[in-house]
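# A structural walkthrough
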Amino acid sequence: MGKVKFIYDGKKCFLPYDPEQRRPTRCLKCIEACPKSLLMFRPTKEKGPDGSPVKYEIYMTFRSQADKYCPSCLKCVEVCPEGAIQVKIQG
Amino acid sequence: MCEFCRKHAEEYGKWYLNPKGYSEEFFRKLSIFDRILHRQPRKVRELWEVSDAAWYPLSISKTLDLVDLAAKPFIGRIIKIIGNMIAVRGHAGQVVPLEDAYKIVELSESQALFPCMCKRLFKGEDEYKCLNFTPAPEFAEKHPRGWRVKELETEEAKEKLREFAEKGYVHAVFWWCGAPQVICICNCDTKYCYAARPRLWYDIKNAYRKSEYVAEVDPDKCSGDIPRCGNCVSRCQFGAIKIRDGKAAIDPYKCFGCGQCRFGCEEDAIRLVDRNTHPIAQRLW
């Protein structure tokens, strides 16, 4: 298995903060699809007037172990309706 | 015997069975180290504020980046040592079997179900399966943005634990701000657990310690009839059980002693034995 590189395009994907649920509730199909639960959302550095996050981004956790645990199934790429995720497998 | 029991168990045998761990004292006195570690406000209300999922993930993602460094060859060793230290002083846990989870529920004053933070972050859904004890529910109520919790009676809590055990979730008792203070029982699916994966993938031991027990198979009772049975294999979240020579065999190096395999066994062939008496597992925690 080669090196896995996860590329996320924040411009195509839009995950707003939901004040009711206190987390993003829109989409999140990629993190549901990941069989190893390697993907997670985190707030971006932008802050609203009350200090709450404005927008979230998707990122890959445990990156140095991703070569070992990411099954390279590309399900995250498949389910993304905006085409915001790319996974590059080198070697 | 693991280091927490040696330090904190006194005459009760296990650290989490010591009633001192359920008192509210620990919220009052925090050392400077703890306050820096949790950027700790003295007021408990604020303690719950930092655990609000909307604000917290940024620091979770930073912590995860740090944990990730543990895989690196040289820095990794230092990160592991620091990680183990922080886990003891911070928020980490130990696996407990269902019987001990019942005892913990009886020792605590009030119980409430919280949504599992790990599932919220890694699956994007709320599942009420983290059983928090006094004083957590009171503070959750006072929380400015209102944590949604479900308060339970002791019997209801036990009923819930049994339900979670049937689903195959591993019970783990967690401390907060130092080892003997019990704050909750998490019912984990290790697939998306934030505490179990540093242990399983990076070997940060104090993040998720093995239980005081280890599972053993009675070869006379086990039928090992794979197409019909084999529940124990699928129920083990740690991949410790394999069928060898027509019998289930438990790898003591991998077994966490959660006891979930017992509930799948039709022949009642698996039992938990004390880890301290096991020849191999007694050194593994």
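The sections below set out a description of the structure shown in this document. (Residues numbered from 1 in each chain as written. Chains lettered and ligands numbered in written order. Predicted model: local features only at pLDDT ≥ 70, side-chain atom pairs only at ≥ 80, totals over all residues. Heavy atoms only, no water.)

## Looking at the overall build of chain A
Across its full length, chain A carries three helices and five strands. Counting from the amino terminus, helix and strand elements in chain A follow one another as β-β-α-β-β-α-α-β. When each of the 91 residues of chain A is scored for burial, the buried share is 46%. Restricting the contact set of chain A to residue pairs at least 6 apart, pairs at least 24 apart contribute 60%. (Helix = DSSP H or I, 4+ residues; strand = E, 2+ residues; numbered from the N terminus. Buried < 20%, exposed > 50% of the residue type's maximum accessible area, 1.4 Å probe, protein only. Contact = heavy atoms within 4.5 Å.)

## Let's talk about the interface of chain B and chain A
On the side of chain A, 30 residues touch chain B, which itself brings 29 residues to the contact. Summing the contributions of chain B and of chain A, the shared interface buries around 2,700 Å²; its carbon and sulfur component is 52%. Where chain B meets chain A, there are one salt bridge. A salt bridge links Arg63 of chain A to Asp65 of chain B; the nearest nitrogen and oxygen atoms lie 2.7 Å apart. Inspection of the chain B/chain A interface yields eight residue pairs in polar contact (both at pLDDT 80 or more). Listed by contribution, the elements that provide at least two residues to the side of chain B that touches chain A are α4 (57-68), α7 (117-123) and α10 (196-202) of chain B. Element by element, the count of residues in the side of chain B that touches chain A is highest for α4 of chain B, at eight residues. Of the residues that constitute the side of chain B that touches chain A, the class distribution is 15 nonpolar, three polar and eleven charged. (Buried area = accessible area lost by both parts, 1.4 Å probe. Salt bridge = Lys/Arg side-chain N within 4 Å of Asp/Glu carboxyl O. Polar contact = N/O pair within 3.5 Å; in protein donor to acceptor, adjacent residues only side chain to side chain. Nonpolar A, V, L, I, M, F, W, Y, C, P; charged D, E, K, R; others polar.)

## Quick look at the nonpolar core
Counting residues in hydrophobic clusters, the biggest one holds 71 residues, and the most contacted among them are Tyr16, Ile104, Leu131 and Tyr208 of chain B. Contact partners of Tyr208 of chain B, with chain neighbours within four places excluded, come to Gly93, Val95, Val170, Ala172, Phe174, Cys188, Thr190, Ala195, Ala196, Arg199, Phe238 and Phe256 of chain B. Within the second largest apolar cluster, 40 residues are counted, among which are Ile31 and Ala66 of chain A together with Leu121 and Phe122 of chain B. (Core = buried A, V, L, I, M, F, W, Y, C linked by side-chain atoms within 4.5 Å.)

## Thoughts on the pattern of salt bridges
Residues and elements named next belong to chain B. Under the counting rule described, the total for this entry stands at 14 salt bridges over all chains. A salt bridge links Lys160 to Glu163, with the shortest nitrogen-to-oxygen separation between them at 3.6 Å. Taken as a pair, Lys160 and Glu163 lie in helix α9 (residues 154-167) at a separation of three residues, close to a single helical turn. Here Glu163 falls in the partly exposed class, since its relative accessible area comes to 33%. A cluster of three or more residues bridged by salt bridges with shared partners is formed by Lys119, Glu127, Lys129 and Lys167.

## With respect to the pairing of strand β2 (residues 111-115) of chain B
All names here are of chain B. For β2, the tally of buried residues reaches five of five residues, placing the bulk of the element in the interior. Neither face of β2 is left uncovered, since the one carrying Gln111, Leu113 and Pro115 and the one carrying Ala112 and Phe114 both have all their residues buried. In the sheet, β2 pairs with strand β4 (residues 150-152) via three bridges, with the strands oriented antiparallel. Looking at the pairing, Leu113 lines up with Lys150 of β4. (Pairing = 2+ DSSP bridges.)

## A look at the side chain of Asn187 of chain B
Residues and elements named next belong to chain B. Within the element layout of this structure, Asn187 appears in strand β6 (residues 182-188). Separated by 2.7 Å, the side chain of Asn187 and the backbone oxygen of Lys129 make a polar contact. In contact with Asn187, not counting residues within four places along its chain, are Lys129, Leu161, Phe164, Tyr169, Val170 and His171.

## Some words on the packing of aromatic side chains
Tallied over the entire structure, the rule returns eleven aromatic pairs over all chains. When the centroid spacing of 6.0 Å and the interplanar angle of 35° are considered together, the rings of Phe164 of chain B and Tyr169 of chain B count as tilted. Overall, Phe164 of chain B belongs to the buried group, its relative accessible area being 2%. Both rings, one in Tyr208 of chain B and one in Phe256 of chain B, keep their centres 6.2 Å apart while their planes meet at 45°; by these two values the pair is tilted. Of the two residues, Tyr208 of chain B is situated in strand β7 (residues 208-209) and Phe256 of chain B in the loop between β10 (247-250) and β11 (270-274); the sequence distance between them amounts to 48 residues. Pair check on accessibility: Tyr208 of chain B and Phe256 of chain B agree, each one buried. Through successive ring pairs, a cluster of aromatic residues spans Phe62 and Tyr69 of chain A together with Trp201 and Tyr202 of chain B. The ring of Tyr128 of chain B has Lys150 of chain B lying over it, and the distance from NZ or CZ to the ring centre is 4.1 Å. Its end group placed over the ring of Tyr102 of chain B, Lys158 of chain B keeps NZ or CZ at 5.8 Å from the ring centre. (Phe/Tyr/Trp six-rings, centres within 6.5 Å; stacked < 30°, edge-to-face > 60°. Lys NZ or Arg CZ within 6 Å of the ring centre and 35° of its normal.)

## Digging into helix α5 (residues 75-89) of chain B
Side chains of residues three or four places apart in an α-helix project in the same direction, reflecting 3.6 residues per turn. All names here are of chain B. The end-to-end C-alpha separation of α5 is 21 Å, in line with the 21 Å expected for 15 residues at 1.5 Å each. Three or more residues of α5 are buried, namely Gly76, Ile79, Ala87 and Val88. Viewed along the axis of α5, the buried residues span an arc of 165°, placing them on a single side of the element. Every exposed residue of α5 that faces more than 90 degrees away from the buried side is listed here: Arg77, Ile78 and Ile81. (Expected span 1.5 Å × (residues − 1). Arc of directions from axis to C-beta.)

## Comments concerning a nonpolar patch on the surface
There is a patch of nonpolar side chains on the surface, built from Ile78, Ile81, Ile82, Met85 and Ile86 of chain B and spanning about 450 Å² of accessible area. Checked against the element boundaries, Ile82 of chain B lands in helix α5. (Patch = residues over 30% accessible without salt bridge, like charges linked within 9 Å, V, L, I, M, F, W, Y side chains within 5 Å. Areas by Shrake-Rupley, 256 points an atom, 1.4 Å probe, with all protein chains shown as cover.)

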